[in-house]
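Residues per chain are reported as follows:
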Amino acid sequence: MKFLHLLIFQFSLSCFGQYIRISPEFTNSSIKGNNADVLETNIQAFNIKAGIDYAEHDTYFVSSNLGYKQRGGRENNPLLTGDWNKINKRWNYISLDSYFNYKFNLSDAYFYVGLGPEINFLLSKKPFENTPYENDYKLNKTLFSANTQLGFTRTFGDFRFGAYSYYNLNLSKTGKSNYNNLTNNGFNFGVSFAYNLEKL
């Protein structure tokens, strides 16, 4: 299934892409539970995406991205000793997302709002290793989310520079135990550097 999504992305890039884009991101990530929080304190995590903008019109455009994404959190527990006193966990994912974006045009620039789905595939092995949760919790290998995005893009000839933020809302559980379901919702912030594919 992962390879099928990669092939679809590459096909879209070669046939429909109008701008190719690279986007570094950062987020403050933590893990929440419906009965008890786990790793509930924020840690800074890093993401990187390669994407395309296509189906572009005066008032809207569509964008798709393939990326590397980190999720996780930290926990300080003074009642525990040794390695369990301070726990930091960052888990690695491959992410795929798409947005439908509505534009508010300015001269050589535009603001936009976007909405779209995201799917994440877990790369990390033994995600709770060396923690008190090792035998009770597991992460789901696939995570479905929805994103709401707000951004600004400025055009410089054949190049574009942008800044944006989006809120990631989990539609499925990040992980679980027998008595607790985990989520990892939160804001992400990024910048983008794009080039007009028609000039290649």
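Residues numbered from 1 in each chain as written. Predicted model: local features only at pLDDT ≥ 70, side-chain atom pairs only at ≥ 80, totals over all residues. Heavy atoms only, no water.

**Details of the overall build of the protein chain**
Summing up its helical and strand segments, the protein chain has 1 helix and 12 strands in all. Going from the N terminus to the C terminus, the protein chain shows its helices and strands as α-β-β-β-β-β-β-β-β-β-β-β-β. Every one of the 200 residues in the protein chain was classed for burial, and the buried ones make up 44%. Within the structure as shown, the protein chain displays about 10,900 Å² of accessible surface, and the carbon and sulfur contribution to it stands at 59%. (Helix = DSSP H or I, 4+ residues; strand = E, 2+ residues; numbered from the N terminus. Buried < 20%, exposed > 50% of the residue type's maximum accessible area, 1.4 Å probe, protein only. Areas by Shrake-Rupley, 256 points an atom, 1.4 Å probe, with all protein chains shown as cover.)

**Notes on the environment of Asn140**
The residue Asn140 is located in the loop between β7 (138–139) and β8 (142–156) in this model. By relative accessible area, Asn140 is classed as buried at 19%. C-alpha separation for the pair Asn140 and Asn120, spaced 20 residues apart in sequence, amounts to 9.8 Å. The contacts of Asn140, once residues within four sequence positions are left out, are Leu122, Lys173, Thr174, Gly175 and Lys176. (Contact = heavy atoms within 4.5 Å.)

**Some words on the sheet that holds strand β11 (residues 181–183)**
Strand order in the open sheet formed by 4 strands is β2-β11-β10-β7, and the pairing between neighbours is antiparallel. With partners counted over all chains shown, the strands left at the sheet margins are β2 (32–33) and β7, one partner each. (Pairing = 2+ DSSP bridges.)

**Things to note about the pattern of salt bridges**
Taken as a whole and judged by the stated rule, the model has 8 salt bridges. In this structure, Glu56 and Arg160 form a salt bridge, with 2.6 Å as the shortest nitrogen-oxygen distance. Highlighted residues: Glu56 in the loop between β3 (43–54) and β4 (60–76) and Arg160 in strand β9 (residues 159–170), separated in sequence by 104 residues. Residue Glu56 shares its accessibility class with Arg160, and that shared class is buried. For Arg71, the salt bridge goes to Glu118, with nearest N and O atoms at 3.2 Å. (Salt bridge = Lys/Arg side-chain N within 4 Å of Asp/Glu carboxyl O.)

**Some thoughts on the packing of aromatic side chains**
One pass over the structure, following the stated rule, counts 17 aromatic pairs. The lysine or arginine in question, Lys103, covers the ring of Tyr110, its NZ or CZ lying 4.7 Å from the ring centre. The ring centre of Tyr19 lies 3.8 Å from the NZ or CZ of Arg160, which sits over that ring. (Phe/Tyr/Trp six-rings, centres within 6.5 Å; stacked < 30°, edge-to-face > 60°. Lys NZ or Arg CZ within 6 Å of the ring centre and 35° of its normal.)

**Topic: a nonpolar patch on the surface**
Taken together, the side chains of Phe26, Phe144, Tyr167, Leu169, Leu171, Phe187 and Phe189 make up a nonpolar region of the molecular surface, amounting to roughly 670 Å² of accessible area. Considering the arrangement of structural elements, one finds Phe144 in strand β8. Judged by its relative accessible area of 43%, Phe144 is partly exposed. (Patch = residues over 30% accessible without salt bridge, like charges linked within 9 Å, V, L, I, M, F, W, Y side chains within 5 Å.)

**Things to note about the side chain of Asn184**
Tracing the backbone through its elements, the reader meets Asn184 in the loop between β11 and β12 (186–196). Engagement of the side chain of Asn184 in a polar contact is seen with the side chain of Ser29, the distance being 3.0 Å. Not counting residues up to four positions away in its chain, the partners in contact with Asn184 are Ser29, Ser30, Ile31, Arg71, Gly72, Asn168, Asn170 and Thr174. (Polar contact = N/O pair within 3.5 Å; in protein donor to acceptor, adjacent residues only side chain to side chain.)

**Let's talk about the confidence of the model for the protein chain**
When pLDDT drops low, the exact placement of atoms in the prediction is not to be read closely. Per-residue pLDDT for the protein chain averages 88, and the proportion of residues at 70 or more is 87%. Ranking the elements of the protein chain by mean pLDDT puts helix α1 (residues 2–16) last with 51 and strand β6 (residues 109–122) first with 97. (pLDDT = per-residue confidence, 0-100.)

**Observations regarding empty space enclosed by the protein**
Tallied over the entire structure, the rule returns 2 cavities of 30 Å³ or more. Lining the largest cavity are 20 residues, and of these Arg21, Asp53, Tyr112, Gln149 and Ser192 sit closest to its centre. If you list the elements that add at least two residues to the lining of the largest cavity, you get β1 (17–29), β3, β4, β5 (86–106), β6, β8, β9 and β12. Here the lining of the largest cavity takes 4 residues from β9, the largest share from any one element. In terms of residue class, the lining of the largest cavity is made up of 7 nonpolar, 8 polar and 5 charged. Every residue along the wall of the second largest cavity is listed here: Thr27, Asn28, Ser29, Lys69, Gln70, Arg71, Asn168, Asn184, Asn185, Gly186 and Asn188. Of the residues assigned to the lining of the second largest cavity, the class counts are no nonpolar, 9 polar and 2 charged. (1 Å grid on protein atoms, 1.4 Å probe; cavity = no way out; pocket = protein on both sides within 12 Å on 5 of 7 lines; lining within 4 Å. Points joined across faces, edges and corners; volume = space filled by probe spheres on them. Nonpolar A, V, L, I, M, F, W, Y, C, P; charged D, E, K, R; others polar.)

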